[in-house]
Structures are given as structure tokens and as C-alpha cells.
Amino acid sequence: MSEAYRARNIGDPVAKQRAATFLGMTLTSTAALAAATDTHCPYCSLQCGMRLGGPTADAPVEVLERPDFPVNRGALCGKGRSAPALLARDVRLTGPLLRDHPGGPLRSAGWPEALDRVAAGLARVRAEHGPDAVGVFGGGGLTNEKAYLLGKFARVVLGTANIDYNGRFCMSSAAAAHRRAFGLDRGLPFPLEDIPHTGCLVLVGANPAETMPPAVRYFRELRETGGTLIVVDPRRTRTAELADLHLQPRPGGDLALALGLLHLVVADGLVDEEFVARRTTGFEQARASAMAHWPDRVERITGVPVHRLREAARLFGEAETGMVLTARGPEQHSKGTDTVGAWIDLCLATGKAGRPYSGYGCLTGQGNGQGGREHGQKADQLPGYRSIEDPAAREHVAAVWGVDPATIPGPGKSAYELLDGLGEPGGVKALLLAGSNPAVSAPNAGHVTERLRSLDLLVVADLVLSETARLADVVLPVTQWAEEDGTTTNLEGRVILRRRALDPPEGVRSELWVLRELAARLGVPEGFPADGFPVEAEQAFDELRRASAGGDADYAGISYARIAAEDGVFWPCPAEDHPGTRRLFLDRFATPDGRARFAAVTHRPADEEPDAAYPLYLTTGRVLSQYQSGAQTRRVAELNAAAPGPYVEMHPRLAERLGIADGEPVAVTSRRGRAVAPARITDAIRPDTVFMPFHWAGAGRANSLTNPALDPVSRMPEFKLCAVRVEPAQKEATP
Ligand SMILES: Nc1nc2c(c(=O)[nH]1)N[C@H]1C(S)=C(S)[C@@H](COP(=O)(O)OP(=O)(O)OC[C@H]3O[C@@H](n4cnc5c(=O)[nH]c(N)nc54)[C@H](O)[C@@H]3O)O[C@H]1N2
Ligand SMILES: Nc1nc2c(c(=O)[nH]1)N[C@H]1C(S)=C(S)[C@@H](COP(=O)(O)OP(=O)(O)OC[C@H]3O[C@@H](n4cnc5c(=O)[nH]c(N)nc54)[C@H](O)[C@@H]3O)O[C@H]1N2
Ligand code: SF4
Ligand SMILES: [Mo]
């Protein structure tokens, strides 16, 4: 790793390239083209700036460097670099597909036939079973414009309460904890550029070296300028290798760990009493709870030795400024909301929030993980991050939409609950799905696939024939990324603009056009404006601005022109002459009394802990060269070459005990299912834990195993922990 540091420090181009390759990045060519389009990557929440030129022999556009965009300054990971591969006709959908009868094959169809079929099917289910029997499932990769109009379509045209999205599987626990503590939920309360200026940064269950490689620069700069980096992960990841201190708890140990650190901070007199008194409420209860989590007890629960706990507490507690950033590691648990709450408590007690270069933040995940949750795809929310149960919010949004507030449905089911109930009495019977591939990515995916099959009508809008699209009755091919305009909101709360660089293939339509066509066929309420489903993204955005005005996520002052001129605009931005809000909470928190609220939580076990029958922890996550369910990246040759298939990561001691050799196929079994993949033996993981990436379908599908136990507040499933049995596949005990 030191080589990567040296490379950055000394600027040696060969070492620099080697370091970049290590992190999976490609430094793109600087050659700029006259007709180049400045835009952003289609994948993760960093939303790296890139320039599209071309075409080339292999793809209709070429990715070029866009060094002036501040977040990534030209650096891209291999996924962003290779994104044009998905524009090619041979990997993507180029026209609608229809299934004439259940179990029959998908055949090509024209748009009128496909749209008529969808509208007739949705209308029939609505007439027979009521509007809530029609469901919508969206995605955090959809642009703000798509997400906004999908939410509007569900509430106004379908009249259903049942719309939710894959972001429920992503940042929902952090979002819930954010709101509970600060009264507002934005991934990071500060721009990434602040990271190198903090004194001590704790990264909890985040592996940005694989999940956001260009962001690693900020952590590296932090250390170069004398700051301390602590990483908490059951695996010694590439990110952990960058750290001054790596704590390696058992999966699910983070809640106890944070409480243990708070205990030590209190015991060592490192509480910032002045800050606590002036800017927070509820400390006494949090202190009492932390006192019950003394170091020996925390060591027993987490497996982290007391001396390491002390070291971490001292480093963080004594630092002048500090940040805690969580990602999916501590969040994707049935106690995810409380866990994030405990880490926020640690920040509050030590005065590391609401001040420059300090605070708690969540690294959001999908390209529009932030914006996707703000504008109405979530079951309980209306645009502008408004509550669907708040009468004033309903009135405001109804006025923008031109409908009666009473016609807007109430909150619907959360993502897993919606999927779990598909086809059941009282459940959703017809589902419109856009921007997700739950047949691979949902917990307990075998069961979810069976539920998807039981639907009267499944409609999937996608770019490719994903595993979920294969189950559909109607597949609608929609435009992607370089073929359309649209905004996304990155992990910093920075609203950025993707620009159309080329025309889509003839049979492909924009999602906005599809929604308008379906609305026309299904009918809209009387008095509904004729332009209520605009097909121009900028027009949709202007309506979104009005719908969000006055809400938490206020976009009223943001325009396409401003975004282009300003490297993005941070929300809240209530007026065109407002500069946008790069840093939140410096004067007050967004709670009614302006004070942050301690969570006062206590440790509890996971829904399913290892036992005699299933003695090991399984945790799951990501690898550098695949993205999510793999629907996109498994279609890109160079990414497949780098990450060809699933595997089961395990410690050499465990492998020896089980008689498993490196590369040998192993069977992993949980109470819900079984998966088979080759062993990858490494001492970077705890001996009581195995790890599987979740990017693949078929026999190696990690989500055949995962536990859909939900967090009571966020409704997040327990992706990061379930109990399993592991054995060589050949010698597997027959059940
Ligand atoms: N290459 C790539 N990049 C991506 C994505 C992708 O699929 N591929 N997806 C994007 C999206 S949507 C997201 S949400 C982000 C996710 O980004 P990350 O959260 O960084 O990714 P994960 O690999 O899911 O989890 C991070 C780490 O959590 C650790 N972990 C597992 N269980 C626990 C636990 O109980 N406690 C702690 N402390 N750690 C634990 C894992 O070992 C893993 O190293 O990445 C985004 N970027
Ligand atoms: N075991 C385990 N499971 C997990 C996780 C984990 O850590 N472990 N992480 C969870 C997390 S954080 C997430 S975010 C989910 C993600 O999992 P998914 O929700 O399955 O996300 P993707 O694989 O990105 O699927 C997006 C789909 O939408 C398509 N698409 C892309 N852009 C558009 C568009 O503009 N319009 C339309 N209509 N379609 C589009 C893509 O081609 C792809 O088929 O997985 C969750 N599942
Ligand atoms: S880090 Fe994320 S946004 Fe940047 S190039 Fe890679 S996938 Fe794209
Ligand atoms: Mo995510």
C-alpha cells in the first residue's frame, strides 16, 4: 500500500499508474474532443464527472477525463471507464418483449401493443382487487426526474399506496437515524473535500477502496496531513489496509462497539460537556446506557480486544475534530438504525458534529441513492423529503400536481414486505418495476423469485434483460445514462446533471415517455393538467423544484443552468439567489429546538446468531469490478475478466478444520437456502465468518441465504449477517 501513497506523493507516472491499477482506477486520456459532452458516471453515488467523446470502434462513445470536476478530478474506476459497453446493441434491449401466456416465451412486440397490454393488465387488477393491489418498485439509480414522476404516477394514476424502492435495502437505516438525531437526512453533511481536514475519521463497515475508488484520495490525504484513520470491518479489506487502526469485530458487533467507545470516552473524561449542554438533548440516558457496556463486556460481544477499544476511544476522543462515516456494514442489520444512532451518539458526546470538519455521515450507494429517496419513491414520502402523513405536505404536493389532497394515498408497504406479499391475498397482484433486479439482490431471493412468478402481471422497465426482467410478462426497454438528460444527487447532497450524448436505438424509449403514455391509457383525475407527465427532463425537474419547495430537501433554487455553471448545487437551496448548502448544521440542527438528539440505545443480538446447526456468520458485500445484482456489469467483458464469478471467502484455520482447499467448491447453507461457490482462502477475514459478494445469480447467489429479518424503524433487511453451515460441496450431507 505504501507504494500507492508514494506514487501520489512523488507524482511518478509509472508508480501512479500502478497505484491506480491497484485501486482499479484508470486515469483516462486527457485528449478532449470538440463535440464532447460533460456528464457523470451511470453507477455509484460518487457520480464521478466524465467527458464523453467518440465514437470508437468498440462503442458509440468514448470516456474521457473531466479533470475540472471536483469530486473525482478525472479519476474513474473500471466500471465508469467501461460504461459505454452497455450502449452496444448486442448487450441491451432494443424493443419491447411480451409473453402471450404464463410459462410461454418472451417475444418481440411493438410499443403500442406492449403499452396497451400493460395498461389493460394494471386496470384489470385495479378493478378486481382495488388500487393497492397494483404495486410499483423503483430504484436509487433512477434520476431525480424519473423517481419523481414514478412516485407521482403511483399516487395519481394508479392511486396505490404501494410504491417502494431498492433504497430501502441501501441507506434506510442511516436515513432513519439521521432524522432521529438531526431532524434531516442528507448522506454527508459536508463535502468530501472536508475529509482531509479532520483530525480522526472512523470508517465503519465501508470499503471505498472497492466501492468508490476515486474517493480514496480523500482518506489518503487525511493521513498525509497528519489525521488518523480508523476502519471497522470484520475483514481486512483494501480500505482497512489504509488505516492507522483496524478494528475487526464480529458481524453485527457495531452497536456494542460504539457503545463501548462511548463508555470509554465518558470514563476518560473526554466528553465535550459544553457542546453537549449547548447543542444536544438526551445525553443522560445515552450515558447511562453506555455505562452498561463496559470494555470487557464489549470485548466478549464484539471480539475486539479491550486494548484496541481503548486505543480507538483515545484517538477519536482526543482529536480536536472528527468524523464517523458508516456504509452498509453496520447499517444492513435488523438493528441498523440503533447502530447508526450509537455512532452518532459518540460524535455528539465528543462534540464532533455541527462544527467545521466534524460530523457523522453516511456514504450513500447508488448513483442517485440520495435524490432517489427524496422525491416520492419511498412508501412513506412525498417529494422534497416530505412525510406522506403530514396534512400540510399533502396539500402542498397536491396543489403542484393539480389533484385533491384527499386522493393521495397514505403510506404503503416497505420494499421487502411488498415483495414478500406479492400474489398473496391482500398483497400486490400487478407490479411495475423500474431500476432494480430483486431476483438477485433481494434478501431470501429464492422466495422473492417465487413471489414474482406468482403475480398476475409483472412489468419490468430496464436497459438489459436482467434476471427479474426474464420473469416479466412485459419488458419495456428504456433509455440510459448517456442517452438522456437528468439530475442525480450524489453522496454529498450535490445535485449534478447528466447530459444526453447520443441517440438511443430506435426501439428504446425514455422512461418519462413511457409514464406519459401509460397515464394517457389509464386515465388521469378530472382537472389534471395536460402536461402533468412531461417527457422533457428539464420540464420534469422544474416541476420537482416546485414540489420540493419548502420541504427538507428543497431544490427550488436549483436549475439545469446553475448546475452546469457551478459543478453541482448542494440542497437545501430554497431560492435562485441562495448559494446552496455545502455544510449542514453549523449553527443549528434541523430539529424543532435546533438541538441534536441522543439515541440512547442498547446492544441486542442479531435476528439469527450462529448455533450448533448453523455455526458460522455469513456476511455479504461487494467487489471492485461488479456492480450490485450484476445486471449491467456482468455484461461487460473487461469487468467479467477482473471478477468472473462468486466465491466464499474464509480463513485458513476454518478451511483446514472443514477440510476445504483453496478454489474447491463449497456449499453454504442457511435456514432459507443453499449456495455453491469456490472457496477463497485468506487470513484477512475472521475465522468465525465467511463472506460472499452478492453480484451473481444462479448457484452462487448469496441472497439465496440471507435473512429478511427487518429493522423495526427503517425496515432494512439483515443482509450483513445470517447463520450458515459450510462444507465441501462434494461431501455435503444430504438433507
Ligand atoms: N464496485 C462496486 N461499487 C459499488 C457498488 C457495487 O455493487 N460495486 N454498489 C454501490 C452501492 S449501491 C452501495 S450501497 C455502496 C456500498 O458500499 P460499502 O458499504 O463500502 O460496500 P459493502 O461491500 O456492501 O460493505 C462494506 C464492508 O462492510 C463489511 N461488513 C460486513 N458486515 C459488517 C458488520 O457487521 N459490521 C461492519 N462494521 N462491517 C461489516 C464488509 O466486510 C465490507 O467490507 O457501494 C456502491 N459502490
Ligand atoms: N446480500 C446482499 N444483498 C444486497 C446488498 C448487500 O450488501 N448484500 N446490498 C443491497 C443494496 S445497498 C442495494 S442498493 C441493492 C441493489 O440491487 P438492485 O436493486 O438489484 O440494483 P441493480 O443491480 O443496480 O439493478 C438495477 C437495474 O436497473 C437497471 N437500470 C439502470 N438504470 C436504469 C434506468 O434508468 N431505468 C430503468 N428502468 N432501469 C435501469 C439496471 O440495468 C439493473 O437491471 O442490493 C441490495 N442487496
Ligand atoms: S467510483 Fe462510482 S461514480 Fe466513480 S467511476 Fe466508479 S462507479 Fe462510477
Ligand atoms: Mo446500495
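Sequence order as written defines residue numbering, which begins from 1 separately in each chain. Each chain gets a letter, beginning with A, and each ligand a number, beginning with 1, in the order they are written. Two thresholds apply to this predicted model, a pLDDT of at least 70 for residue-level local features and 80 or more for giving and counting side-chain atom pairs, whereas whole-chain, interface and lining totals are computed over all residues. To obtain the side-chain values, all non-hydrogen atoms of the structure were used and water was disregarded.

A. Quick look at the layout of surface pockets. Here the term cavity refers to a set of points on a 1 Å grid, laid over the protein atoms alone, in which a 1.4 Å probe fits but cannot get out; the term pocket refers to an open set having protein on both sides within 12 Å along at least five of seven lines, with lining residues being those that place an atom within 4 Å of a point. Grid points are joined across faces, edges and corners, and a volume is the space filled by probe spheres set on the points. Counted as a void, the largest pocket has a volume near 470 Å³. If you trace the largest pocket, you find 22 residues lining it, with Glu210, Arg238, Tyr647, Glu649 and Arg680 closest to the centre. Put simply, Ala, Val, Leu, Ile, Met, Phe, Trp, Tyr, Cys and Pro go in the nonpolar bin, Asp, Glu, Lys and Arg in the charged bin, and everything else, Gly too, in the polar bin. Residue classes in the lining of the largest pocket are distributed as nine nonpolar, five polar and eight charged. As used throughout, domain bounds are those supplied by an automatic or database domain assignment. If you count residues domain by domain, the lining of the largest pocket takes at least three from each of domain 3 (172–362) and domain 4 (616–731).

B. Region of interest: the site of ligand 1. Whether a residue is near a molecule or strand depends on its heavy atoms: it is near if one of them lies within 4 Å of it. Residues in contact with ligand 1 amount to 33 residues; listed here are only the nearest, Asp233, Asp254, Arg622, Gln626 and Gln628. At a separation of 3.2 Å, a nitrogen atom of ligand 1 approaches a polar backbone atom of glutamate 210. Residue threonine 619 places a side-chain N or O atom 2.9 Å away from a nitrogen atom belonging to ligand 1. Within the complex, the protein chains bury 99% of what would otherwise be the 910 Å² of accessible surface of ligand 1. Put plainly, a molecule is in a cavity or pocket when over half of its atoms are within 2 Å of the grid points there. Judged by the proximity of its atoms to the pocket grid, ligand 1 belongs to the second largest cavity. Sorting the residues of the shell around ligand 1 by element identifies α7 (208–211), α14 (328–331) and β25 (616–621) as the ones contributing at least two each. Its residues assigned to classes, the shell around ligand 1 comprises 11 nonpolar, 14 polar and eight charged. Summarising the domain contributions, the shell around ligand 1 has at least three residues from each of domain 3 (172–362) and domain 4 (616–731). Contacts described as polar in this section are N or O atom pairs within 3.5 Å, which, within protein, must combine one atom able to donate a hydrogen with one able to accept it, while residues neighboring in sequence count only if both atoms come from side chains. All accessibility values rest on the Shrake-Rupley procedure with a 1.4 Å probe; residue burial counts only the protein chains present in the view. Under the DSSP-based scheme used, a helix requires at least four consecutive residues in state H or I and a strand at least two consecutive residues in state E, with every element numbered from the N terminus.

C. Spatial organisation of the pattern of salt bridges. Salt bridges are defined as contacts in which a side-chain nitrogen from Lys or Arg sits within 4 Å of a carboxyl oxygen from Asp or Glu. By the definition in use, this model includes 45 salt bridges. The salt bridge partner of arginine 545 is aspartate 542, with a shortest N-O separation of 3.0 Å. Separated by three residues within a single helix, arginine 545 and aspartate 542 lie in helix α21 (residues 537–548), roughly one turn from each other. Take arginine 545: its relative accessible area is 11%, and that puts it in the buried class. Exposure classes here rest on a 1.4 Å probe applied to the protein chains alone. A residue is buried below 20% of its type maximum, exposed above 50%, and partly exposed in between.

Function cannot be inferred from these measures alone, as they are strictly geometric.
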